[in-house]
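Residue-level structural notes
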Amino acid sequence: MPIAMPNLIPVMPELVMTGVAIILLMAELVIKRKETLGFLSLISVGLISYLLLGSAGTTFGGMFVSDGYSTFFKLIFMANLVLTVLISPKYLQTMRINFGEYYALTLFATLGMMLMASAADIIVLYLGLELMALSTYVLAGFIRYDMKSNEAAIKYLLLGAFASAILLYGTSLIYGLTGTTNLRDIAVYITHNGLAKNPLLMVSMIFFAVAFSFKIAAVPFHMWAPDAYEGAPTPITAFMSVGPKAAGFAVLGRVFLVAFGSVKTDWSVILIPIAVLTMAIGNILALSQTNIKRMLAYSSIAHAGYMLLGIIAGTPAGISSVLNYMFIYAFMNIGAFAIVIMLRTEGFAGEDISDYEGLGKTHPTAAALMLVFMFSLTGIPPMAGFMGKFYLFMSAINAGYTWIVIVAVLFSAISAYFYLRIVMLMYMKEPKEVIQLNTSPGIGLALAVTVSAVILIGILPAKVLALAQQAVTSF
Amino acid sequence: MPSEYLGVLIFLMVATAFSIGALVLGEFFRLRRPYAEKLMPYESGNIPVGEPHMRFSVKFYIIAMLFVVFDVEAVFLYPWAVVFDKIGLYAFVEMVIFIVILFVGYIYAWRKEAFVWD
Amino acid sequence: MLQQLFFGYYAFMIIILSLLVVTRGNPVHSVMWMLLLFFHIAGLYLFLNAEFIAAIQVIVYAGAILVLFLFVVLLLNLREELSLRQIAGSWPAAFFIVAALFITVTAALGAYVQGPVGSYSIEAIRSETHTKALGRLLYTEYLFPFEIASLILLVAVVGAVVLAKRKLRS
């Protein structure tokens, strides 16, 4: 039986990623200075990003597709990886968990995300999701001597396994109905065989929505997020709050708009309450948090709610604004976490919101950077967060969902309270004690990149948006 | 339903009936004259010490986990071996990739002394 | 008729055994019920002409994974564990959600329409044997997922070593 060699050009970035991850794992055994591994992964990201740009195509019998949509998401994953690796080494030393597996596992998790973004078949999607999730569970429990880190890992694992089971249930239903797991074939079968009004299709879509909601931490499937974010090592919290969420949105978009594109009115009924609840619960519960990591966890839940609006709109403008927002969100969120990491020194957690009192007097630069990120997360012009939200809300209004946008703006206004409270504490309060900042060149570079991205995209938003719009044309 | 497994089914039913039957019958016919020493759990004739609920070392877990992973690897070899003559070199290459990736895991575990019991 | 009887038996036993697994107070008992559960699932696979999967179910699940579960159970402090009445709180809420899910799925199942029949009919599988059919698909069409599976297994090895073997602090 002669078999044609599969076209490997579309998967080249993934292959290089696999190779680099394996090399890092082996290098860990011999290299004593673990920062070298971080440096190696930074170089590889450069190579992979270069390969990404020339990787368009479909391969492995239509199971894997590399198009503008997947490439845009993969660039977000690359940014996420680079920023995470930059902010990690100092933290790992401070926490005395400086092990080389850390870098290999972040690479494996990113590889899983890349597979998810490119999956055109539910089987590849599921395996990519498991690869990402498994690596992230281990990373969340990386501080083995810390009870909270263990708790984070176990909660994330249990609820993640639950989400996987639900995803498989949904897959089995859709396979039973259509006899295929390929997303395009599912779409064709649904339209040609009049399955559109089938209740079982609806149940299957509910299962998919639930499983992906777990991954993007949307209410009511968000319970794991605050505990997992609080307990995980802070750079991993930053990594988790962007990477798996972006990957979740990538598959959510592809499954719902490609496979279930013809029954959009049906699934928007499922997603609208999820989006509204997510914005409401995320923002309201963030108000009462005293731990900054938990507050940012609830804030990341709320941001998932905003981004769901773009998916619900379902138009090219909606999808591109989700891509655009995810890109901006990656920078502003990791930037905020970088500040949180700087406050952590040996023997001082620096995770209490009250620790930020008077930071404007003791460390004006750090406070100013935090101010930029908080403004951006709130959505105050001229920061990038404002433009992101603006395009999202505009696309939803143009798609006819004005009332949801009104709700979103309302909750967005509520969110100003807890973001700006930190700014208020930094500038209007007297410092309780002198806090030492735990800086490093890596964190400095990450902060420089994130802050310039947040401000530049805020002032000149057209460039990224144009890229995002171009990305969804081939979708 | 593959009917060729009917024999297996009958065998299973007979085996289950026999083992349960032996226990139930034994309950009726055996003598029961208990006294304190006889009711003690048997530990090679010694007086039992400590709790039966003993916590195992976490080392067992890692051995079991590695066993599962390499067990699953072996599982993939069965269908591969069966179709190897039909697919040929192509199948060989993909299995080599698969095994090399897992071999990396093996080297890693070995160098991290996961197989050392101390 | 015989077929329905077989399927009914397996399906019923799987549900009952799963309930026993999750309701036992003693985790060791749960694991033992799970062993029986795995054998019944294997029986169901056999009934579906998936002989290879049935064998794997017994070898990997009943053999390897159950041993792993048992080790994990023995890692726990069983005496403390046994004194707990229940681990998860508020079972009425859980019951309500599960009941709602059950009703929704059952109601929707009535609308099931048979999907297209593929080339791997029962007759085709019987003439080729299940293992061969599976092997041919797995190593040609599904080669990409197969290779991803090896990465997942690799991460499992790394994860196990990182979480259980590594020093606590560097």
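I will try to describe carefully the structure that is included in this document. Numbering of residues begins from 1 in every chain and follows the order in which that chain's sequence is written. Following the order in which they are written, the chains are lettered starting with A and the ligands numbered starting with 1. The model is predicted, so local features are restricted to residues of pLDDT at least 70 and side-chain atom pairs to those at 80 or more, both for listing and for counting; the totals for chains, interfaces and linings are taken over all residues.

**Brief notes about the overall build of chain B**
Definition in use: Only DSSP runs of H or I with at least four residues qualify as helices, and only runs of E with at least two residues qualify as strands; both kinds are numbered from the N terminus onward. We take the radius of gyration over the C-alpha atoms and set the globule estimate at 2.2 Å times the residue count to the 0.38 power. Residues with at least 20 other C-beta atoms within 10 Å of their own are called buried, those with 12 or fewer are called exposed, and the rest are partly exposed. The C-beta atoms themselves are positioned from the backbone.
In terms of regular secondary structure, chain B is built from four helices and zero strands. Mapped from its N terminus to its C terminus, chain B presents α and β elements in the order α-α-α-α. Relative to the compact-globule value of 13 Å for 118 residues, chain B shows a C-alpha radius of gyration of 25 Å, a clear excess of over 25%. With 118 residues in all, chain B has 19% of them scored as buried.

**Some details on the overall build of chain A**
Where we set the bar: Placing a C-beta atom from the backbone of each residue, one calls two residues in contact when those atoms lie within 7 Å.
Counting its secondary structure elements, chain A contains 19 helices and two strands. Taken over C-alpha atoms, the radius of gyration comes to 21 Å for chain A, in line with the 23 Å a tight globule of 475 residues would show. Counting only C-alpha atoms and orienting by the principal axes, one finds that chain A spans roughly 70 × 55 × 40 Å. Put simply, 81% of the contacts in chain A that link residues at least 6 apart link residues at least 24 apart.

**Comments concerning the interface of chain B and chain A**
Our working definition: In the scheme used here, Gly and all other residues not listed as nonpolar or charged are polar, with Ala, Val, Leu, Ile, Met, Phe, Trp, Tyr, Cys and Pro taken as nonpolar and Asp, Glu, Lys and Arg as charged.
Between chain B and chain A, the residue contacts involve six residues of the former and six residues of the latter. With four residues, the single largest contributor to the side of chain B that touches chain A is helix H4 (residues 89-111) of chain B. Classifying every residue of the side of chain B that touches chain A by side-chain character gives four nonpolar, no polar and two charged.

**Quick look at the environment of Glu346(A)**
With respect to the helices and strands, the residue Glu346(A) is situated in the loop between helix H13 (316-343) and helix H14 (359-362). Sequence separation between Glu346(A) and Arg96(A) is 250 residues; the distance between their C-alpha atoms is 9.3 Å.

**Describing the interface of chain C and chain B**
Facing 41 residues of chain C, the contacting portion of chain B comprises 40 residues. Those elements that place two or more of their residues in the side of chain C that touches chain B are helix H1 (2-23), helix H2 (27-47), helix H3 (51-75), helix H4 (78-83), helix H7 (130-139) and helix H8 (143-164) of chain C. Looking at the side of chain C that touches chain B, the element that brings in the most residues is H8(C), giving 13 residues. Taken together, the residues that form the side of chain C that touches chain B break down as 29 nonpolar, seven polar and five charged.

**Comments concerning the packing of helix H3 (residues 68-94) of chain A against helix H4 (residues 101-118) of chain A**
Residue and element names in this part refer to chain A. We count it as follows: All axes here are fitted lines through C-alpha atoms, helices being fitted over the stretch that makes contact, and every angle between N-to-C directions spans 0 to 180 degrees. To sort the angles, those under 35 degrees are grouped as roughly parallel, those over 145 as roughly antiparallel, those from 65 to 115 as roughly perpendicular, and the leftovers as oblique. Handedness of a crossing is defined here by the sense of rotation of the near helix relative to the far one, left-handed for an anticlockwise turn of less than a right angle and right-handed for a clockwise turn.
Their axes nearest at 10 Å, the elements H3 and H4 cross at an angle of 165 degrees. As summarised for this structure, H3 and H4 are arranged roughly antiparallel, according to the angle between their axes. In this structure, H3 crosses over H4, and the sense of that crossing is right-handed. Packed against H3, whose contacting residues are Ser70, Phe73, Lys74, Phe77, Leu81, Thr84, Val85, Ser88 and Leu92, the element H4 presents Tyr102, Tyr103, Thr106, Thr110, Met113, Met114, Ala117 and Ser118 at the interface. Of the residues assigned to the contact of H3 with H4, the class counts are 10 nonpolar, six polar and one charged.

**Remarks on the packing of helix H1 (residues 12-30) of chain A against H4(B)**
In the contact formed by H1(A) and H4(B), the axes pass within 10 Å of each other and the chain directions differ by 20 degrees. Classified by the interaxial angle, the pair formed by H1(A) and H4(B) is roughly parallel. The interaxial crossing formed by H1(A) with H4(B) has left-handed handedness. For the pair formed by H1(A) and H4(B), the contact residues are Ile22(A), Leu25(A), Met26(A) and Leu29(A) on the first element and Val104(B), Tyr108(B) and Arg111(B) on the second.

**What to know about unusual backbone geometry**
Residue and element names in this part refer to chain A. A cis amide bond links Val219 with the next residue in sequence, Pro220, at an omega value of 5 degrees. Mapped onto the fold, Pro220 is located in the loop between helix H8 (199-216) and helix H9 (224-231). Omega for the bond connecting Pro381 with Pro382 falls within 30 degrees of zero, at 10 degrees, which places this linkage in the cis form. Its location among the elements puts Pro382 in the loop between helix H15 (364-378) and helix H16 (384-398). Even without a glycine there, the phi angle at Ala217 is positive, about 60 degrees.

**Let's talk about H4(B)**
This is how the line gets drawn: Expected helix span is computed as 1.5 Å times (number of residues minus one).
Taking 1.5 Å of rise per residue, the 23 residues of H4(B) would be expected to cover 33 Å, and the 32 Å separating its terminal C-alpha atoms lies within 8% of that figure. Listing the buried residues of H4(B) in full gives Ala91(B), Glu94(B), Met95(B), Phe98(B), Leu102(B), Val104(B), Gly105(B), Tyr108(B) and Ala109(B). In the core, the buried residues of H4(B) are packed alongside H1 of chain A, helix H3 (59-87) of chain B together with H7 and H8 of chain C. Looking one or two places after H4(B), you find Glu113(B), whose phi comes out positive at around 60 degrees.

Limitation: the analysis is restricted to geometry and does not speak to function.
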